[in-house]
Amino acid sequence: MAGTLACKALDYVWSKDSRDYLMSMNFWGPAANWGLPTAVINVMKKSPEIISGWMTLTLCYYSLTFMRFAYKVGPGIWLLFACCVTNEVDQLIRGRGWLINDEMSKQASV
């Protein structure tokens, strides 16, 4: 049973459809785009003082725009969609940290 599944999986990996997908822009574009959420995840542990509110807002709009594109284009580019969802969640978390830090600094200065 497991050997049959493994053989089918290997057959798919080495199939022409799989090779065509790996050589298309529907794979390499989104694969390269994973740098954005990866960078945000790496910065999550740093202080919210280094966050740019405008850049966070811009990246939220960017992710929403390309998330819609990845969903609407036929056939859907699901790797790009997943990347944009991840980036959107990351940016919203960082934006929340920026807002909380901004409010705390305003209260401290009063």
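Everything in this summary refers to the structure shown in the same document. Computed from a predicted structure; not experimentally measured.

## Let's talk about the nonpolar core
Next, step 1: With 5 residues, the main nonpolar core is built from M67, A70, I77, L80 and C84.
Next, step 2: At the level of elements, α5 (53-72) and α6 (78-109) are the ones that each hand at least two residues to this core.

## Description of the packing of helix α3 (residues 25-33) against α6
Next, step 1: For the pair α3 and α6, the least separation of the axes is 8 Å and the interaxial angle reads 15 degrees. On the basis of their axis angle, the class for α3 and α6 is roughly parallel. Classified by chirality, the crossing of α6 by α3 is left-handed. Facing α3, whose interface residues are F27, P30, A31 and N33, α6 presents L79, L80, C83 and C84.
Next, step 2: Considered class by class, the residues forming the contact of α3 with α6 number 7 nonpolar, 1 polar and no charged.

## Regarding the environment of W54
Next, step 1: The residue W54 is located in helix α5 in this model.
Next, step 2: Remark: the alpha-carbon pair of W54 and G95, spanning 41 residues in sequence, is separated by 9.4 Å.

## Brief notes about α3
Next, step 1: Looking at α3, one finds that the buried residues are F27, P30 and N33. Burial along α3 is one-sided: seen end-on, the buried residues are contained in an arc of 140 degrees. Residues of α3 that are exposed and angled more than 90 degrees away from the buried face: M25 and A32.

## Examining the side chain of N87
Next, step 1: Looking at where N87 falls in the secondary structure, it is placed in helix α6.
Next, step 2: You can call N87 buried: its relative accessible area is 2%.

## Digging into the layout of surface pockets
Next, step 1: The calculated volume of the largest pocket comes to roughly 180 Å³.
Next, step 2: Lining the largest pocket are L36, A39, V40, V43, I50, I51, S52, M55, T56, L59, Q91 and R94.
Next, step 3: Mapped by element, the contributors of at least two residues to the lining of the largest pocket are α4 (35-43), α5 and α6.
Next, step 4: In terms of residues, the lining of the largest pocket owes the most to one element, α4, which gives 4 residues.
Next, step 5: For the lining of the largest pocket, the residue count by class is 8 nonpolar, 3 polar and 1 charged.

Reading guide: rules and limits
- Residues numbered from 1 in each chain as written.
- Predicted model: local features only at pLDDT ≥ 70, side-chain atom pairs only at ≥ 80, totals over all residues.
- Heavy atoms only, no water.
- Core = buried A, V, L, I, M, F, W, Y, C linked by side-chain atoms within 4.5 Å.
- Buried < 20%, exposed > 50% of the residue type's maximum accessible area, 1.4 Å probe, protein only.
- Helix = DSSP H or I, 4+ residues; strand = E, 2+ residues; numbered from the N terminus.
- Axes fitted to C-alpha atoms, helices over the stretch in contact; angles between N-to-C directions.
- Parallel < 35°, antiparallel > 145°, perpendicular 65-115°, else oblique.
- Left-handed = near helix turned anticlockwise from the far one by under 90°.
- Contact = heavy atoms within 4.5 Å.
- Nonpolar A, V, L, I, M, F, W, Y, C, P; charged D, E, K, R; others polar.
- Arc of directions from axis to C-beta.
- 1 Å grid on protein atoms, 1.4 Å probe; cavity = no way out; pocket = protein on both sides within 12 Å on 5 of 7 lines; lining within 4 Å.
- Points joined across faces, edges and corners; volume = space filled by probe spheres on them.

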